[in-house]
Amino acid sequence: PATKEIQDGTAKAITTKPLEINIGSVTDVIRALLEIGFDKFFVIEEFHYLEESTQVDFAQALKAFHELSKICFIIVGVWLEADKLTSLNNDLDGRITSVNADSWHDEDIDNLFKTSEEMLNLAFAHSFKKDVKKYCRGNVFLVQQICLAACEQQGIHRRQETTVLIASDLEVRGEIKDILESQTGRYTKFLMDFSVGFGATEHELYKWILCPLITCN
């Protein structure tokens, strides 16, 4: 059926039709998405929280999406395996690209600075960027928090009309200390839980594992 929609004094015709779909059928879902001209990305976060059986089923469905369409998925998850999805479905080998979000090198952080500066029309001081890369040691969470603190200290909350130099006198090591202290409760709980291990042992092995990690400098 055709309907008419009027917006700002302009009328336009909208044609609709019933969409018969079996949501449990991958091919039906793909057909429906192609019919509506879907051209976006699907982003699935916290994938690791899904039941293992659901992860397996989805990995099987991904093969069909790859073979029958150009629809792309961005799947975010935390797991120990280097390539979790391929381990769930060997047929995905060579059909997916894995990105280790925990691995941040200096060049990655440089790109992060560059993109942020362009989006906000600002310039982080060279000495600030140098110290951030030196003391954050690839921890992108610290990088983000320090940059946020630098912007807030200068009242920057949106894109600037003219380029602004910021963080020229921000003491990075002190800022890192403040950020880590704000997370003390979270880290302490993790260390306490890990030190217990899976149960009481004669030599308290997990505490000895933690000892060199905590005391090393």
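Note: the structure precedes this text.
Parameters and conventions
- Residues numbered from 1 in each chain as written.
- Predicted model: local features only at pLDDT ≥ 70, side-chain atom pairs only at ≥ 80, totals over all residues.
- Heavy atoms only, no water.
- Helix = DSSP H or I, 4+ residues; strand = E, 2+ residues; numbered from the N terminus.
- Expected span 1.5 Å × (residues − 1).
- Buried < 20%, exposed > 50% of the residue type's maximum accessible area, 1.4 Å probe, protein only.
- Arc of directions from axis to C-beta.
- Contact = heavy atoms within 4.5 Å.
- Core = buried A, V, L, I, M, F, W, Y, C linked by side-chain atoms within 4.5 Å.
- Salt bridge = Lys/Arg side-chain N within 4 Å of Asp/Glu carboxyl O.
- Axes fitted to C-alpha atoms, helices over the stretch in contact; angles between N-to-C directions.
- Parallel < 35°, antiparallel > 145°, perpendicular 65-115°, else oblique.
- Left-handed = near helix turned anticlockwise from the far one by under 90°.
- Nonpolar A, V, L, I, M, F, W, Y, C, P; charged D, E, K, R; others polar.
- Polar contact = N/O pair within 3.5 Å; in protein donor to acceptor, adjacent residues only side chain to side chain.

> Any details on helix α4 (residues 106-120)? Residues and values, ideally.
Helical geometry note: an α-helix holds 3.6 residues per turn, so side chains three or four residues apart project in the same direction. The first and last C-alpha atoms of α4 sit 21 Å apart over 15 residues, in line with the 21 Å expected at 1.5 Å per residue. For α4, the complete set of buried residues consists of Ile109, Phe113 and Glu117. An end-on view of α4 places all buried positions within 75 degrees of arc, on one side of the element. Elements that come into contact with the buried residues of α4 comprise β5 (122-124), α5 (126-136) and α6 (140-153). One or two steps after α4, the chain reaches Asn121, where phi turns positive at roughly 55 degrees.

> Account for the nonpolar core, naming residues and giving values.
Judged by nonpolar contacts, the single largest core of 21 residues is most densely connected at Phe124, Phe128, Val132, Ile146 and Ile166. Contributing elements (two or more residues each) for this core: α4, β5, α5, α6 and α7 (172-182). Among the elements that make up this core, the one with the highest residue count is α6 (six residues). Setting aside chain neighbours within four positions, we find Ile146 in contact with Phe128, Val132, Cys136, Leu170, Val172, Glu175, Ile176 and Ile179. Formed by seven residues, the second largest nonpolar core is a distinct cluster that contains Phe58, Ala59, Leu62 and Leu92.

> Talk me through the pattern of salt bridges; I want residue IDs and the actual numbers.
Per the counting criterion, the structure on display carries 11 salt bridges. A salt bridge links Glu117 to Lys129, with the shortest nitrogen-to-oxygen separation between them at 3.4 Å. Of this pair, Glu117 sits in helix α4 while Lys129 sits in helix α5, and the two are 12 residues apart along the sequence. Among the ionic contacts, a cluster of salt bridges with common partners joins Asp28, Arg31 and Glu35.

> Tell me about the packing of helix α1 (residues 26-35) against helix α2 (residues 52-68), and name the residues and values.
With their axes 10 Å apart at the nearest point, α1 and α2 run at an angle of 40 degrees to one another. Classified by the angle their axes make, α1 and α2 are oblique. With respect to the hand of their crossing, α1 and α2 are arranged in right-handed fashion. Contacts between α1 and α2 involve Val26, Thr27, Val29, Ile30, Leu33 and Leu34 from the first element and Ala61, Ala64, Phe65 and Leu68 from the second. In the contact of α1 with α2, the residues fall into nine nonpolar, one polar and no charged.

> Requested: an account of the side chain of Asn121, with residues and values cited.
As for its position among the elements, Asn121 is in the loop between α4 and β5. A polar contact of 2.9 Å, which involves the side chain of Asn121, links it to the side chain of Thr163. Asn121 has contacts with Arg159, Gln160, Glu161, Thr162, Thr163 and Val164, leaving out every residue within four places of it along the chain.

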